[in-house]
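# Working through the structure, step by step
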Amino acid sequence: MKSFMSLAVAPLVAAYNCPSSGSWIHASCRVSVTANAPCEQVMAEMKARVDGQSSGQWHDPHNNGTYSFQGADPSDPSGSLDFQRVTGNKKYTDKLRFDFKDTGNQCEISGCSASQVFSIADFSTNYCNMRMLYCSSQDGCHPVKFDFTVKETEVDPSSGAGKNPQDCLKVAQTQNFMAPSPTQCPPAGFDTVKDFDLNKFISKRWYIQQQMAVNYLPASQNRCVYAEYQLREKSFWGYDVSVHNHAEEVAPPHKVHDSGKTLCAKVVDKARGKLEVAPCFLPTAAAGPYWVLDYSEEEGYALISGGAPKETGTDGCRTGTGTNGAGLWIFTRQQKRDEALLQKVRTIAKNKGFDLSVLGDVDQSDCSDAEAVALAI
């Protein structure tokens with residue numbers, strides 16, 4: 001009887017201004033957080049993340065839920081903010097309430113999230129509902145306007161609910177709700193990045209976090225994969241860029257496969273990120289498409305494909321698996337895997353109509369000294 005009563009009363013704590021629920025027994029979570037920023041910035045950042053969903057500036061790393069702003073004035077640093085979040089599978093709705101108080105150069109945040117249906121276990125959902133709106137880049141999150149550090153001084157879930165921060169940066173593998181499968185391949189309106197800056201793109205090394213297995217890069221080489229590019233004088237065949245690819249065998253002793261100085265690229269449409277790649281000794285007529293579909297130097301990611309996805313896959317469109325017209329890659333500037341960023345780029349690929357089942361993880365842990373390997377080639 002005692003445990004049942006704790007379930008019933010846990011969500012009903014007025015001190016945190018918890019949102020009401022249509023179910024007397026429901027999962028919830030309360031947090032107290034100190035942010036190293038004025039409340040005006042904290043509130044503006046929360047609002048910017050929610051607004052950023054429609055523009056693509058931000059997405060919810062926790063199973064791709066959808067937030068909406070429900071009320072309160074975000075320009076009032078002494079006020080409150082109300083939000084609603086619908087889960088990625090569109091089945092459940094939670095309501096959130098935040099209250100703010102400036103204390104010197106910091107902001108004290110009191111938050112509460114409440115499920116709107118009968119629920120006990122929530123797999124950290126209510127906690128993540130709130131955390132995703134205030135977490136910083138140090139927490140693996142991606143701020144839109146203001147990146148401030150935070151400290152959670154209290155996290156109090158209802159009985160049966162969770163509070164694991166790692167749950168917040170995961171997308172359920174069994175869910176398939178990010179975008180409908182296209183009815184034609186390539187999808188209508190499929191295109192590449194706009195206003196592409198080639199000089200910035202090639203300025204530093206790219207590490208591959210996920211890639212599609214193709215003829216020249218099988219899944220057995222999904223270890224320590226990276227790519228580098230450098231402008232060169234136009235060659236006899238018209239190549240403008242030197243290409244250096246590196247991969248290692250997954251199985252010990254991790255044999256190295258390095259292209260050295262054998263690959264080149266020709267810029268086809270600089271503003272739209274369209275190039276063609278081939279061994280440098282071949283004419284450009286034998287080169288295959290290398291398209292930059294999406295790219296952010298600020299966030300440190302790029303989505304690359306071997307041209308348009310013309311083939312129908314199990315859950316979307318895909319390229320071929322041969323040499324030319326083949327491949328899909330997720331690049332990041334940082335070698336260490338960032339789950340939230342990876343899921344964001346996967347969502348971008350899905351929204352472009354790609355079948356994500358073709359992507360395999362690349363192991364970027366315990367890699368050899370890549371600089372030394374490159375110099376030795």
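In this report, we go over the structure that sits alongside the text. All figures in this text were calculated on a predicted structure; none of them were measured in a lab. The residue count restarts for each chain, going from 1 along the sequence in the order it is written. For a predicted model such as this one, the threshold for reporting local features is a pLDDT of at least 70, and the threshold for listing and counting side-chain atom pairs is 80 or more; totals across whole chains, interfaces and linings nevertheless cover every residue. Values shown for side chains rest on all heavy atoms present in the structure; no hydrogens or waters enter the calculation.

## Considerations on helix H2 (residues 39-55)
Put simply, DSSP marks the helices as runs of H or I at least four residues long and the strands as runs of E at least two long, and each gets a number from the N terminus on. Every helix has an expected span of 1.5 Å times one less than the residues it contains. Taking 1.5 Å as the rise per residue, H2 with 17 residues should run 24 Å; its terminal C-alpha atoms sit 24 Å apart, in good agreement. Only protein chains enter the calculation, and the probe is 1.4 Å; a residue is then buried if its accessible area is under 20% of its type maximum, exposed if over 50%, and partly exposed in between. Taken together, the buried positions of H2 are Cys39, Val42, Met43, Glu45, Met46, Lys47, Ala48, Arg49, Val50 and Gly52. Two residues form a contact once any of their heavy atoms are found within 4.5 Å. Packing partners of the buried residues in H2 comprise strand E1 (28-35), strand E2 (66-71), strand E3 (80-86), strand E4 (93-103), strand E5 (106-115) and helix H3 (125-134).

## Here we look at the pairing of strand E12 (residues 274-279)
The pairing of strand E11 (residues 263-269) with E12 spans six bridges and is antiparallel. From the neighbouring strand, Cys264 faces E12, where its bridge partner is Ala278. Between E11 and E12, which follow one another and run antiparallel, lie four residues, and Gly273 among them has a positive phi close to 65°. Pairs of strands are assigned from DSSP output, requiring at least two bridges between the strands. Across four bridges, E12 lies against strand E13 (residues 288-296) in antiparallel orientation. Across the sheet, Val277 pairs through a bridge with Gly288, a residue of E13.

## Here we look at H3
Most of H3 is tucked away: ten of the ten residues are buried. Burial in H3 covers these residues: Thr125, Asn126, Tyr127, Cys128, Asn129, Met130, Arg131, Met132, Leu133 and Tyr134.

## Observations concerning the nonpolar core
The nonpolar side chains of a soluble globular protein tend to be buried, and buried together. To define a nonpolar core, start from buried Ala, Val, Leu, Ile, Met, Phe, Trp, Tyr and Cys residues and group those joined through side-chain atoms within 4.5 Å. Among the nonpolar cores identified, the biggest contains 33 residues, and Val42, Met46, Phe98, Phe100, Leu133 and Tyr134 are the most heavily contacted of them. Residue assignment for this core shows that the elements contributing at least two residues are E1, H2, E3, E4, E5, H3 and strand E6 (150-157). The contacts of Leu133, once residues within four sequence positions are left out, are Met46, Arg49, Val50, Trp58, Tyr67, Phe83, Leu96 and Phe98.

## A short note on the sheet that holds E6
Strand order in the open sheet made by the six strands is E2-E3-E4-E5-E1-E6, with antiparallel pairing throughout. In this open sheet, the two strands that pair with only one neighbour each are E2 and E6. Taking each pair of neighbouring strands and ignoring which way they run, the sheet shows an average axis angle of 20°. Bridge count between E3 and E4: seven bridges; the pairing is antiparallel. Bridged to Asp82 within E4 is Arg97. Helix axes are fitted to C-alpha atoms over the stretch in contact, other axes to C-alpha atoms as well, and angles between N-to-C directions run from 0 to 180 degrees. Packed onto the sheet, H2 meets E1, E2, E3, E4 and E5 and runs at close to 155° relative to E4.

## Here we look at the layout of surface pockets
Size it by volume and the largest pocket reaches roughly 660 Å³. Grid points spaced at 1 Å over the protein atoms alone were grouped into cavities, where a 1.4 Å probe fits but cannot get out, and pockets, open sets with protein on both sides within 12 Å along at least five of seven lines, with lining residues defined by an atom within 4 Å of a point. Tyr216, Asn245, Leu263, Val277 and Trp329 are, among the 32 residues lining the largest pocket, the residues nearest its centre. Sorting the residues of the lining of the largest pocket by element identifies strand E8 (223-231), strand E9 (241-248), strand E10 (256-258), E12, E13 and strand E17 (328-332) as the ones contributing at least two each. Each residue receives one of three labels: charged for Asp, Glu, Lys and Arg, nonpolar for Ala, Val, Leu, Ile, Met, Phe, Trp, Tyr, Cys and Pro, and polar for the others, Gly being one of them. The residue inventory of the lining of the largest pocket, partitioned by class, reads 20 nonpolar, eleven polar and one charged. Grid points are joined across faces, edges and corners, and a volume is the space filled by probe spheres set on the points.

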